[in-house]
Amino acid sequence: MTVARSLLLFVLAALLEIGGAWLVWQGIREQKGWIWVGLGVISLGLYGLVATMQPDANFGRILAAYGGILVAGSLLWAVVMDGFRPDRFDIAGALICLVGVGVIMYAR
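Keep in mind the model is a prediction, meaning the values are calculated, not measured.

Trainee: Report on the environment of Gly27, specifying residues and quantitative values.
Mentor: Note that Gly27 resides in helix H1 (residues 2-28). Between the C-alpha atom of Gly27 and that of Gly40, which follows or precedes it by 13 residues, the distance is 8.6 Å. In this structure Gly27 touches Lys32, Gly33, Trp36 and Val37, once residues within four positions along its chain are discounted.

Written out as structure tokens, the structure reads:
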């Protein structure tokens, strides 16, 4: 159950961080306004809170492993929200990052 909880927290953190950054981007770069920016800042703050809920107590390990989730999640977000078409190198890189998550967090 601990691995499932950890993975769920990683996914939630990625949604909050990627979504928050996307909202800030939309607010400023796409001129959607300061409400979007404010919602993005709130989302980014919630990301920081969710990251502290990981069962492992080592900040560096959590952040390093989360990086792999962020890479794969960012590509998936781009596909869903922006119509991005990843190439084979994007996909291979994301898979390598996810393998890294598994090794860093769960290979004990």
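Additional details are given in the paragraphs that follow.
Trainee: Describe the nonpolar core, and please don't skip the residues or the numbers.
Mentor: As a rule of thumb, nonpolar side chains are buried together in soluble globular proteins. Phe10, Tyr66 and Ile69 are the most contacted members of the largest nonpolar core, which totals 17 residues. Of all the secondary structure elements, the ones that give two or more residues to this core are H1, helix H2 (34-51), helix H3 (59-82) and helix H4 (88-106). Looking at which element gives the most residues to this core, the answer is H1, with eight residues. Setting aside anything within four residues of it in sequence, one finds Tyr66 in contact with Phe10, Ala13, Ala14, Glu17 and Tyr47.

Trainee: Describe the pattern of salt bridges, naming the residues involved and giving the relevant values.
Mentor: Scanning all chains against the criterion turns up one salt bridge. The residue Arg61 makes a salt bridge to Asp56 at a minimum N-O spacing of 2.9 Å.

Trainee: Report on the environment of Leu15, specifying residues and quantitative values.
Mentor: Mapping Leu15 onto the fold places it in helix H1. Setting aside residues no more than four positions away along its own chain, Leu15 makes contact with Gly20 and Trp77.

Trainee: Explain empty space enclosed by the protein to me, and be specific about the residues and the numbers.
Mentor: Taken as a whole and judged by the stated rule, the model has one cavity of 30 Å³ or more. Of the volumes computed, that of the largest cavity is approximately 60 Å³. Looking at the largest cavity, the residues that line it are Leu9, Phe10, Ala13, Tyr47, Val50, Ala51, Gln54, Phe59, Ile62, Leu63 and Tyr66. Listed by contribution, the elements that provide at least two residues to the lining of the largest cavity are H1, H2 and H3. For the lining of the largest cavity, the class distribution of residues is 10 nonpolar, one polar and no charged.

Trainee: Please provide a residue-by-residue account of the environment of Gly83, values included.
Mentor: With respect to the helices, strands and loops of the structure, Gly83 is situated in the loop between H3 and H4. On a C-alpha basis, the gap between Gly83 and Leu46 in space is 26 Å, while along the polypeptide they are 37 residues apart.

Trainee: Can you explain the layout of surface pockets? Please cite residues and give values.
Mentor: As a volume, the largest pocket reaches approximately 190 Å³. For the largest pocket, the full set of lining residues is Val11, Ala14, Leu15, Ile18, Ile69, Ala72, Gly73, Leu76, Trp77, Val80 and Met81. At the level of elements, H1 and H3 are the ones that each hand at least two residues to the lining of the largest pocket. Per-element accounting of the lining of the largest pocket gives the leading share, seven residues, to H3.

Trainee: Now, about a nonpolar patch on the surface: what can you tell me, with residues and values included?
Mentor: On the surface, Ile35, Leu39, Ile42, Leu46, Leu49 and Met53 cluster together to form a nonpolar patch covering roughly 580 Å² of accessible area. Relative to the assigned elements, Leu39 resides in helix H2.

How each quantity is defined
Residues numbered from 1 in each chain as written. Predicted model: local features only at pLDDT ≥ 70, side-chain atom pairs only at ≥ 80, totals over all residues. Heavy atoms only, no water. Helix = DSSP H or I, 4+ residues; strand = E, 2+ residues; numbered from the N terminus. Contact = heavy atoms within 4.5 Å. Core = buried A, V, L, I, M, F, W, Y, C linked by side-chain atoms within 4.5 Å. Buried < 20%, exposed > 50% of the residue type's maximum accessible area, 1.4 Å probe, protein only. Salt bridge = Lys/Arg side-chain N within 4 Å of Asp/Glu carboxyl O. 1 Å grid on protein atoms, 1.4 Å probe; cavity = no way out; pocket = protein on both sides within 12 Å on 5 of 7 lines; lining within 4 Å. Points joined across faces, edges and corners; volume = space filled by probe spheres on them. Nonpolar A, V, L, I, M, F, W, Y, C, P; charged D, E, K, R; others polar. Patch = residues over 30% accessible without salt bridge, like charges linked within 9 Å, V, L, I, M, F, W, Y side chains within 5 Å. Areas by Shrake-Rupley, 256 points an atom, 1.4 Å probe, with all protein chains shown as cover.

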